[in-house]
Amino acid sequence: MVVCRWFDQSNCESPMKKLLTEFILLAILFFGTWYGLSRIDWITLFKIDRASADLEQKIGDLLWKSLKTSEGEITSDSVLLPVNILLDHLCKKNPIDREKIKIHVLKNDEINAFALPDNHLVIYSGLLLACQNESEFCGVLSHELAHIQKGHVMNKLVKETGLSVLISMSTGNGNSTIVKKAIEQLSSTAYDRKFETEADLTAVDYMINAEMDPEALANFLYRLSDESLPEQLYWISTHPESKQRSVKIMEVIKGRTFQKIPVIGSLKWTALQNAIRQNSE
Amino acid sequence: MTDERFINAPAEEEAEKASNSYLMSLIAFVGGLPLPIINLLATLIFYTGNRKSTFFVKWHCTQALFSQLMALPLNSACFWWTISIIFTDEKIGSNYIAYAITVIAFNIVEFIATMHTAIAVRKGRHVEWWFVGGLTNLIVKAP
C-alpha cells in the first residue's frame with residue numbers, strides 16, 4: 001500500500017480524496033456503532049422503568065402518608081361511593097386503568113384537587129361543594145387524570161425538587177420540610193402552561209368519550225375566575241389564566257354536539273354534597 | 001494511526017513542546033469532562049502560543065487541536081442531550097444511552113491515542129492520526 005506523506009507526494013492518491021475516504025469511514029464507524037447500540041433495549045436492560053416506577057411509588061406513598069396525617073380523610077360510603085362511580089365511569093370510557101388510581105377525599109374547605117406521584121388523586125371536600133353538578137366535578141377530575149396519564153406529576157416534581165432530593169426522600173432521608181414543600185408544589189402551584197393546556201384538551205376528550213358535557217369544565221373555570229377570588233379557590237388561583245383556558249376549551253368544542261348522559265344524576269349529586277357537609281362538621 | 005520518523009529528527013526541546021500539546025488535552029480532558037468546550041479551549045491556547053514555533057511543534061499542536069475539534073460536536077451533543085433530559089420533558093431512551101456509550105467509547109479511544117502520541121512524540125517519533133493527520137498535512141505545510 002502506498003503511504004502518502006506531506007514530504008513525499010509522489011505516487012500517491014490525491015490527499016483530498018484520501019481525507020474524504022477517511023472521513024466517511026470515520027462517520028460510518030461512529031453512526032454505525034450508535035445505530036447498532038440503539039437496537040439494544042437499554043431501558044429494560046438497565047431496569048430504568050422499574051427503578052423509576054419504584055421511586056414514584058415510594059415518593060407517592062411518602063407524600064400521601066404525610067398529607068393524610070395533616071388533613072382528615074373522608075371515608076364515608078355516602079361520599080366515596082358516588083365519587084367512585086364517577087371515576088369508574090371516566091376510566092371505563094377512556095384508556096385509563098381504574099385499578100391504579102387511588103382516589104382520596106380530604107376534609108378541606110379549599111376548592112382544590114391535585115395528583116400525587118404513584119397515581120394518588122386527592123380531592124378536597126371544598127371542590128365537591130363548589131361544583132354545581134357532576135359534569136363540573138368530572139371536568140376537574142378529568143383534568144387531574146390527564147396529568148396522571150401524561151406523566152406530568154413526576155416530571156414537575158423532578159424539575160422543581162431535583163432527582164437527587166427525591167431519591168434521598170425515597171430512601172428515608174427526606175425531612176418533613178422537604179416532604180411538605182413537595183406537597184405544596186403539587187397542590188398549590190400550576191404545571192407548565194404546555195402541561196396545563198395538554199391536560200385541559202385531554203380532559204375534554206375524556207369527557208366526550210364518557211358522554212359528558214365538556215362545556216361544564218369551561219363553565220367551571222369561567223364561573224370561578226369571574227368571581228372575586230376568595231382564599232379557598234385554590235384550584236383556580238393555582239391554575240392561572242382560567243378565563244383564557246375556558247375560552248380555549250369553548251373554541252375546541254365549538255359547533256360540536258355531544259351526548260350528555262347523567263351518571264349519578266342531580267339527586268344523587270345533591271345527596272353527595274349533603275353527605276360532604278355532614279362529614280365536614 | 002501511523003508511527004514513524006519525521007523528515008528531520010526533532011531536537012529535545014521540540015519533542016517536549018510537541019508532546020506537551022497532547023498532554024494539554026489530556027489534562028483538560030479530566031477537567032473538561034462536564035464541559036466539552038474546556039478541552040478545545042486548552043488545546044487552542046497551547047496552539048496559539050506555539051503557532052510561530054518550529055515545524056514539528058506546530059504540526060503536532062495542530063493535530064492535537066484538530067483531534068479536539070473533532071470530538072467537540074460529539075461531546076457537546078451528548079452534554080446538551082443529557083441537560084435536556086434532566087431539565088426538560090425529554091425522556092431517557094435507548095437512543096440516548098446508545099449515543100452516550102458510543103461517545104464514551106470514542107473518547108476512550110481518543111484518550112489512549114493521545115497518551116500514546118504524547119509518549120511517542122516526546123521520544124522524537126512522528127505519529128499521524130487517522131483522518132486528523134491527513135487534515136493536519138493539508139493545513140500545516142513544510143517550510
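Look a little higher up for the structure.
These numbers were taken from a predicted model, which means no experiment stands behind them. (Residues numbered from 1 in each chain as written. Chains lettered and ligands numbered in written order. Predicted model: local features only at pLDDT ≥ 70, side-chain atom pairs only at ≥ 80, totals over all residues.)

Colleague: Which residues make up unusual backbone geometry, and what values go with them?
Modeller: The phi dihedral of A:E211 is positive, around 55 degrees, even though this residue is not glycine. Positionally, A:E211 belongs in the loop between helix 10 (193–209) and helix 11 (215–226). Phi angles above zero are rare outside glycine, and B:F131 is one such case at about 65 degrees. Mapped onto the secondary structure, B:F131 falls in the loop between strand 2 (126–128) and helix 5 (132–139). Taking the C-beta count within 10 Å as the criterion, B:F131 has 21 such neighbours and is therefore assigned buried. (Helix = DSSP H or I, 4+ residues; strand = E, 2+ residues; numbered from the N terminus. Buried ≥ 20, exposed ≤ 12 C-beta atoms within 10 Å, placed from the backbone.)

Colleague: Explain the interface of chain A and chain B to me, using residue names and the numbers behind them.
Modeller: Facing 20 residues of chain A, the contacting portion of chain B comprises 21 residues. For the side of chain A that touches chain B, the leading source of residues is helix 1 (residues 15–38) of chain A, giving 11 residues. In terms of residue class, the side of chain A that touches chain B is made up of 13 nonpolar, three polar and four charged. (Contact = placed C-beta atoms within 7 Å. Nonpolar A, V, L, I, M, F, W, Y, C, P; charged D, E, K, R; others polar.)

Colleague: Quick rundown of helix 5 of chain B? Include the residues and the values.
Modeller: Most of helix 5 of chain B is tucked away, with six of its eight residues classed as buried. Where helix 5 of chain B is concerned, the buried positions are B:V132, B:G133, B:G134, B:L135, B:T136 and B:N137. Among the structural elements, helix 1 of chain A together with helix 3 (55–87) and strand 2 of chain B are those in contact with the buried residues of helix 5 of chain B.

Colleague: How would you explain the pairing of strand 2 (residues 102–106) of chain A if you had to name every residue and give the values?
Modeller: Residue and element names in this part refer to chain A. As paired strands, strand 1 (residues 73–74) and strand 2 are joined by two bridges and run antiparallel to one another. From the neighbouring strand, E73 faces strand 2, where its bridge partner is L106. When strand 2 meets strand 4 (residues 120–124), the two strands line up parallel, connected through five bridges. In the strand pairing of strand 4, K102 is matched with H120. (Pairing = 2+ DSSP bridges.)

Colleague: Break down the packing of helix 4 (residues 77–93) of chain A against helix 14 (residues 265–280) of chain A for me, with residues and values.
Modeller: Each packed pair of helices is defined by two parameters, the angle between the axes and the distance between the axes. Residue and element names in this part refer to chain A. Running from amino to carboxyl end, helix 4 crosses helix 14 at an angle of 140 degrees, the nearest separation of the two axes being 8 Å. It follows from the interaxial angle that helix 4 and helix 14 lie oblique. Crossing angle aside, the handedness with which helix 4 passes helix 14 is left-handed. Within the contact between the two elements, helix 4 uses S78, V79 and P82 and helix 14 uses K268, L272, A275, I276 and N279. Within the contact of helix 4 with helix 14, the residues separate by chemical class into five nonpolar, two polar and one charged. (Axes fitted to C-alpha atoms, helices over the stretch in contact; angles between N-to-C directions. Parallel < 35°, antiparallel > 145°, perpendicular 65-115°, else oblique. Left-handed = near helix turned anticlockwise from the far one by under 90°.)

Colleague: Can you tell me about the nonpolar core, naming the residues and giving the values?
Modeller: Judged by nonpolar contacts, the single largest core of 60 residues is most densely connected at A:L90, A:V122, A:I123, A:L127, A:L141, A:M207 and A:L217. Beyond its immediate stretch of four places on either side in the chain, A:L90 contacts A:I96, A:C138, A:L141, A:S142, A:L145, A:Y206 and A:A210. Counting 21 residues, the second-largest nonpolar core is a separate cluster that includes B:A15, B:F46, B:F56 and B:A64. (Core = buried A, V, L, I, M, F, W, Y, C linked by C-beta atoms within 7 Å.)

Colleague: Quick rundown of helix 4 (residues 94–122) of chain B? Include the residues and the values.
Modeller: Residues and elements named next belong to chain B. With 29 residues, helix 4 ought to run about 42 Å at 1.5 Å a step, and its terminal C-alpha atoms sit 42 Å apart, in line with that. Regarding helix 4, the residues found buried are Y99, T102, V103, F106, E110, T114, T117, A118 and V121. Where helix 4 terminates, the next one or two residues include G124, which has phi positive at roughly 90 degrees. (Expected span 1.5 Å × (residues − 1).)

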